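# Observations on chain architecture
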Amino acid sequence: MEDNHRKKQQQKGPESGVTRRHFLTGAGIGAAGLVAGAPVATGAAPTESAAIIEVGEMVPLTLRINGHPRLLLVEPRWSLAYVLREKLVMTGTKLGCDRGECGACTVLVDGVPRYSCMTLALEAEETEITTLEGLLEGEDLGDVQQAFKEHDAFQCGYCTPGQVMSVEGLLRSNPDPSLDEIRLGVSGNLCRCGAYPNIFKATRRAAELKRGKGDRS
Amino acid sequence: MKAFAPRSLDEAMVRLTEDPDLRLLAGCTDLMVGEPEDRLGLPGVLDLRGLSELRRIEWHDDALEIGAVTPFSQIRDSPEVQKSFPALAEAASKIGGWQIQNRASLGGNMANASPAGDSLPVLLVLEAQVVLVGPEGTRTVPYREFHLGYRQTALGPGEIIGWVRLPKPPENAMQFFRKVGAREAQAISKVVVALLADVSDGRVSEYRLAAGSVAEVPLRLTEVEKAMVGRAAKAEIANLAGHLAAQAVRPIDDVRSTAEYRRFALEQVVRRMTLQLVRRVPE
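Here the structure is a predicted model, which means the values were calculated and not measured.

Quick notes on the rules
Residues numbered from 1 in each chain as written. Chains lettered and ligands numbered in written order. Predicted model: local features only at pLDDT ≥ 70, side-chain atom pairs only at ≥ 80, totals over all residues. Heavy atoms only, no water. Salt bridge = Lys/Arg side-chain N within 4 Å of Asp/Glu carboxyl O. Buried < 20%, exposed > 50% of the residue type's maximum accessible area, 1.4 Å probe, protein only. pLDDT = per-residue confidence, 0-100. Contact = heavy atoms within 4.5 Å. Pairing = 2+ DSSP bridges. Helix = DSSP H or I, 4+ residues; strand = E, 2+ residues; numbered from the N terminus. Axes fitted to C-alpha atoms, helices over the stretch in contact; angles between N-to-C directions. Core = buried A, V, L, I, M, F, W, Y, C linked by side-chain atoms within 4.5 Å.

Right, let's get into the pattern of salt bridges. Residues and elements named next belong to chain B. For the structure on display, the rule yields 27 salt bridges over all chains. Here R76 and D77 are joined by a salt bridge, their closest N and O atoms 3.0 Å apart. When its relative accessible area of 8% is taken as the criterion, R76 is described as buried.

Structure, rendered in structure tokens:
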């Protein structure tokens, strides 16, 4: 992801004017525009520097989630997890600790697992965000979800969306991980029920399914 | 709250000069630990992750330069780091968990200046140089003189951490890293230790030892180093090294551990590393 991200920026090159990569600055300019055009950010007079966003003021932001662009108004301090759950009502992403310890909020940003509670929504502009909902294949479970179901890789299930996203991210970069690599891959996801052995088994199964070897029942 | 994502160092400098109170972002894994309400009080943020100068791993002369916002996952997986600085590669693979490593950075670890920052003892034993970028240009400070006190650094107003320079370590020297926490991943260290050492002609010729979570800042344990260099490389010196290390620190009791346990754990870790050194058993 980090590399993709970098490439994307490099591809953009030294374009003139405000680019999309200037999302934060651009967002500020957008906000000033909105102040003039519509009463979105009331009470905040446009200031000399267009990039100033007052506390509580919303800025427009486009996030690409599961392949679909979503136009939003956000406060700069909001986390991606908050925006996904509270603003887009995509509750497949769970919030456990909201401080980067438990991993329930894991999503893929440009294919790489990240804590959405530790990512500002603004930072995620210009990236491809994949959430649990995005792993579904139509009405069917995706490979990792199917494997978790087959191997009963949960008890209470609260950590499961995050575990699934970490495994999805792991398998995208490493289609045939060893047990140690799997353990490292889900090292940022806590399971209070201790379902780890089945999570490891499910990861192997998901790798099979993804390679097309698995016989889906 | 103001928010900027500059795409060049120059632009970052301009923003920071205009507004020295901007909080610098290098991965957000410290910033986002606070409550969302806490972020209301922030004057603004300056996200440095888009600066290519600050996001690279490359040799320059005889030093490996690592950009301040390079995520630990990239450091962990870098063949250059693995080959010449295995202790840093090991630390990068033990910080937080997989997702944290995809975001967190050396620059963030340094600027946060926690006594428990896992990469910091490694920077001490590697004798890292920190390149600070300011409006007047760059200046280079030994990492040892950068981390001044509890959450205090030598960073001046309008300055950012650009990159670190890691001088090529002595040939054949062994490097060790060990983090002791409540669990393998996702735990803040009770004790974190780094050692770079070498033996030649049967005597300890090099011994650089540093530890974190044992004082208000990560410490180079120079008393131990002085006592070790020149000694015959025999198993008995391991006990002495551990004992001296435990004497050289000033740990506290807190939520994660006790001062007594920290001393004990440090003593054992240093003893074992030193044993591996004299036996020439790579970790």
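Turning our attention to the confidence of the model for chain A. Mean pLDDT for chain A: 80, with 72% of residues reaching 70 or above. Taken together, the stretch residues 1–52 of chain A has pLDDT below 50 and engages in 86 contacts with residues farther than four places along the chain or on a different chain.

Residue and element names in this part refer to chain B. In space, the five strands of this open sheet follow the order 4-5-10-6-7, with antiparallel pairing throughout. Unpaired on one side and paired on the other, strand 4 (57–60) and strand 7 (137–142) mark the two borders of the sheet. Direction aside, the axes of adjacent strands within the sheet are offset by 30° on average. Across six bridges, strand 6 (residues 129–134) lies against strand 7 in antiparallel orientation.

Turning to the nonpolar core, a few remarks are in order. Residue and element names in this part refer to chain B. In terms of nonpolar packing, the biggest core is built from 72 residues, with I66 and L88 touching the most fellow members. If near-sequence neighbours (up to four positions away) are discounted, L88 is found in contact with I66, I75, V81, L106, V122, L126 and L166. Counting residues in each nonpolar core, the second largest holds 33 residues, with A211, V217, M228 and V270 among its members.

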